[in-house]
Amino acid sequence: MPDLSTNYMGLKLSNPLIVASSSLTGSVEGVKRCAAAGAAAVVLKSLFEEQIEAETAALSGYADYAGHCEAGEYLQNFGAELGPREYLKLVEDAKRAVQVPVIASLNCYTDKSWVDYARKLEAAGADAIELNIALLPVGTRQPCSAVEETCLRIVHDVKSLVRIPVAVKIGPYFSSLAHFARKLCNDVMEGPEFSVGWCGPGATTKTTRWRGADGLVLFNRFYQFDIDIERLTTTAGNPYSTPAEMHTALRWISLLAGRVDAHLAATTGIHDGSDAVKQLLAGAHVLQLCSTLYENGLGRIEEILAQIGAWMQAQGFEKLDEFRGHLSQARSKQPKEYERLQYIKLFVGIE
């Protein structure tokens, strides 16, 4: 059998399949089932800042009702500690229960929370952290540069304070994604030509070490939006991805492989071995599975691994590195095939 082992952000994995952050990994038993099914690593269900806020507000409201201001402040701070307690226990218990790497997932929106919770996740024993930066810019007065700077600040601040690997999971909605991805992932020394604009009045950028992410997860699948025309209400769309949704990530994996200083994880739309092989050929280091596991069960992991192995044998490959990135733009003799030329061929019919 071919060797499917790989490396992701310094983590040694037996194969490239990771169970993505979801309810499948929201409990110790779920994590154990994923590992037993053949997953090389798991990303735990995300810790959302709103969860902590809700518990904090409940405790604070009780104290206010009781009329004790000092007690209110104490309980509010206690709630901030209590909120992630179950999640931190999940990290600790999952680490004891399985041999595969356990990656914590964090989804916040205030600067302080990203850093505070990242530190706690590291202390709890997480092998790595995935920053689930699910920003959907909807403000008509919010420039794209402000959105990018928010993401850059989050990554830099977390990377500056934790020692474990950090991946960043983003959506595809950036106007210059390749440039933004480079800034997210590459460690550089900031200079006047590389100021991100958030250093503050009078701050210098000449001696600042800009810290980039170790991994880039493409792409975050935002909750789908729909409208019920009979009830005249908004509603949720299909929660599961389809194979057709893989192509956005496939294109950008192929464009970024070899051009950013980080490992690439492909997610969204990977449903079978063929999808997995395509992402590996494009340059992905690992593949995160979710919807196909809900629809087909955890046995799908072994099926996909068998399909990858069979394809490798048929092609004469013994290791993933022998073909990973073979069809990335960086290694192509016709790089324009990945850009406008494909569009012209499809719609104009040029051969």
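Refer to the structure presented above.
Summary of the structure given here. (Residues numbered from 1 in each chain as written. Predicted model: local features only at pLDDT ≥ 70, side-chain atom pairs only at ≥ 80, totals over all residues. Heavy atoms only, no water.)

Turning to the pattern of salt bridges, a few remarks are in order. In this structure the tally under the stated criterion is eight salt bridges. K95 is the partner of D127 in a salt bridge, and the nearest nitrogen-oxygen pair spans 2.9 Å. Here the residue D127 occupies a position in the loop between α5 (111-123) and β7 (128-132), and K95 occupies one in helix α4 (residues 85-97), the gap between them amounting to 32 residues. Among the residues examined, K95 registers a relative accessible area of 29% and is labelled partly exposed. Taken together, the shared-partner salt bridges in this structure form one network comprising K89, D93 and R96. (Salt bridge = Lys/Arg side-chain N within 4 Å of Asp/Glu carboxyl O. Helix = DSSP H or I, 4+ residues; strand = E, 2+ residues; numbered from the N terminus. Buried < 20%, exposed > 50% of the residue type's maximum accessible area, 1.4 Å probe, protein only.)

What follows covers helix α8 (residues 246-256). Looking only at α8, the buried set comprises M246, A249, L250, I253, S254, L255 and L256. The inward-facing, buried residues of α8 abut α7 (177-185), β11 (215-218), β14 (263-267) and α9 (273-282). One or two steps after α8, the chain reaches G258, where phi turns positive at roughly 80 degrees. (Contact = heavy atoms within 4.5 Å.)

This next bit is on the environment of I308. Tracing the sequence through the fold places I308 in helix α11 (residues 300-315). Take I308: its relative accessible area is 0%, and that puts it in the buried class. Residues I308 and D272, 36 residues apart in the sequence, show an inter-C-alpha distance of 9.1 Å. Not counting the four nearest positions on each side in its chain, I308 is found in contact with L4, L17, G273, A276, V277 and L280.

To continue, consider the packing of α8 against α9. Interaxial distance between α8 and α9 falls to 8 Å at its minimum, and their mutual angle equals 25 degrees. Classified by the interaxial angle, the pair formed by α8 and α9 is roughly parallel. On α9, the residues touching M246, A249, L250, I253 and S254 of α8 are D275, K278, Q279 and A282. Here the contact of α8 with α9 is built from residues that sort into five nonpolar, two polar and two charged. (Axes fitted to C-alpha atoms, helices over the stretch in contact; angles between N-to-C directions. Parallel < 35°, antiparallel > 145°, perpendicular 65-115°, else oblique. Nonpolar A, V, L, I, M, F, W, Y, C, P; charged D, E, K, R; others polar.)

What follows covers the side chain of R300. Mapping R300 onto the fold places it in helix α11. Polar side-chain contacts of R300 include one of 3.0 Å to the backbone oxygen of H271. Among the polar contacts made by the side chain of R300, one reaches the side chain of E303 at a distance of 3.0 Å. Apart from residues no more than four positions distant in its own chain, R300 is found in contact with H271, D272, T292 and L293. (Polar contact = N/O pair within 3.5 Å; in protein donor to acceptor, adjacent residues only side chain to side chain.)

Taking burial as the measure, the five residues of strand β8 (residues 166-170) include five buried ones, the bulk of the element. Where β7 meets β8, four bridges bridge the pair, whose relative direction is parallel. Bridging from a neighbouring strand, E130 pairs with A167 of β8. Where β8 and β11 come together, four bridges link them in parallel fashion. Bridging from a neighbouring strand, V168 pairs with L216 of β11. (Pairing = 2+ DSSP bridges.)

A few words on the environment of T235. Among the structural elements, T235 can be located in strand β13 (residues 233-236). The sequence separation of T235 and Q224 amounts to eleven residues, and the corresponding C-alpha distance is 8.8 Å. Ignoring anything within four residues of it in the chain, the contact list for T235 reads Q224, F225, D226, I227 and D228.

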